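# Analysis of the macromolecular model
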Amino acid sequence: HKRKTVFGLNFARDAIHRANRSIIVEGQIDAIKMQTNGFPETVAPLGTALTEDHIALLCKSNRNIVFCFDGDGAGLKAAGRACSIIMPFLRDTSDVKFAFVNGGKDPDEILKTSGEAAMRKIIDDAVPLVDFLWQITNNNFLTNTPGGRSQAEKFLKNEIDKITDTELKS
């Protein structure tokens, strides 16, 4: 059951507790390379897409997550979907961030060509969820027009309504 299996979690579980976070990458090769090069708390969805089941399983271990996606169009689209999926799982103690590997590369390539330090900088420079949500909004809606602003507000309200923690939602 690919939608319910988190690749590498069997190896990463203890590291997730020690690091107080999990790192989610797009592919299994990236997860293996990250785990063997200084980021043992790294996992990947099994299959092609991240699901609610993957997030639910990871949130049993820790609600601090760094999503690390390729900086291409597909990676940005996957990050937007991940942002939407994570909303019901947020708590006031959650620390969710988004990191992007640019230049048409992925974590495997960064580790091969530039090493662990370069990858650590990408992870350390990850954007908090709130800032990423603003980025999505500003990239997809013309907020300087009344219609665009209205669409942006509807989008943000829809995303915020997914949060189940009522105090955090307010």
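Residues numbered from 1 in each chain as written. Predicted model: local features only at pLDDT ≥ 70, side-chain atom pairs only at ≥ 80, totals over all residues. Heavy atoms only, no water.

### Brief notes about the layout of surface pockets
Unfilled space is identified by rolling a water-sized probe across the atoms. The criterion, for reference: Each cavity reported here is a set of points on a 1 Å grid over the protein atoms alone in which a 1.4 Å probe fits but cannot get out, each pocket an open set with protein on both sides within 12 Å along at least five of seven lines, and each lining residue one with an atom within 4 Å of a point. Grid points are joined across faces, edges and corners, and a volume is the space filled by probe spheres set on the points. Helix numbers and strand numbers start at the N terminus; a helix is a DSSP run of H or I with at least 4 residues, a strand a run of E with at least 2.
In this structure, the largest pocket spans a volume of roughly 340 Å³. If you trace the largest pocket, you find 16 residues lining it, with Leu90, Leu129, Val130, Ile163 and Leu168 closest to the centre. Among the elements of the structure, strand 5 (95–101), helix 7 (129–140), helix 8 (146–161) and helix 9 (166–169) are those that each provide at least two residues to the lining of the largest pocket. When residues in the lining of the largest pocket are grouped by element, the largest group, four residues, is from helix 7.

### Notes on the state of the cysteines
Where we set the bar: In this description, the term disulfide denotes a pair of cysteine sulfurs within 2.5 Å.
In the structure shown here, the tally under the stated rule is zero disulfides. With no disulfide of its own, cysteine 59 has cysteine 83 as its nearest cysteine by sulfur position, at a separation of 14 Å.

### So, the environment of alanine 99
Filter applied, for reference: Exposure is judged per residue with a 1.4 Å probe applied to protein chains only, and the accessible area is read against the type maximum: over 50% gives exposed, under 20% gives buried, and values in between give partly exposed. The contact definition used throughout considers only heavy atoms, calling two residues in contact when any of these lie within 4.5 Å.
Tracing the backbone shows alanine 99 in strand 5. On the accessibility criterion, alanine 99 (1% relative accessible area) is buried. The residues touching alanine 99, leaving out its near neighbours within four places in the chain, are Val66, Phe67, Cys68, Phe69, Ile122, Ile123 and Ala126.

### Digging into unusual backbone geometry
Despite not being glycine, asparagine 20 shows a phi value in the positive range, around 60°. Mapped onto the secondary structure, asparagine 20 falls in the loop between helix 1 (9–19) and strand 2 (22–25). With a relative accessible area of 46%, asparagine 20 lands in the partly exposed category.

### So, the side chain of glutamine 35
Our working definition: Any N or O atom pair separated by 3.5 Å or less is treated as a polar contact, with the protein-specific requirement of one donor-capable and one acceptor-capable atom, and with residues adjacent in sequence counted only for side-chain atom pairs.
With respect to the secondary-structure elements, glutamine 35 resides in helix 2 (residues 28–35). For glutamine 35, a relative accessible area of 19% gives the class buried. For glutamine 35, the side chain forms a polar contact with the main-chain oxygen of glycine 8, separated by 3.2 Å. Non-local contacts of glutamine 35, meaning those with residues more than four positions away in its chain, are made with Gly8, Phe11, Ala12, Pro40 and Thr42.

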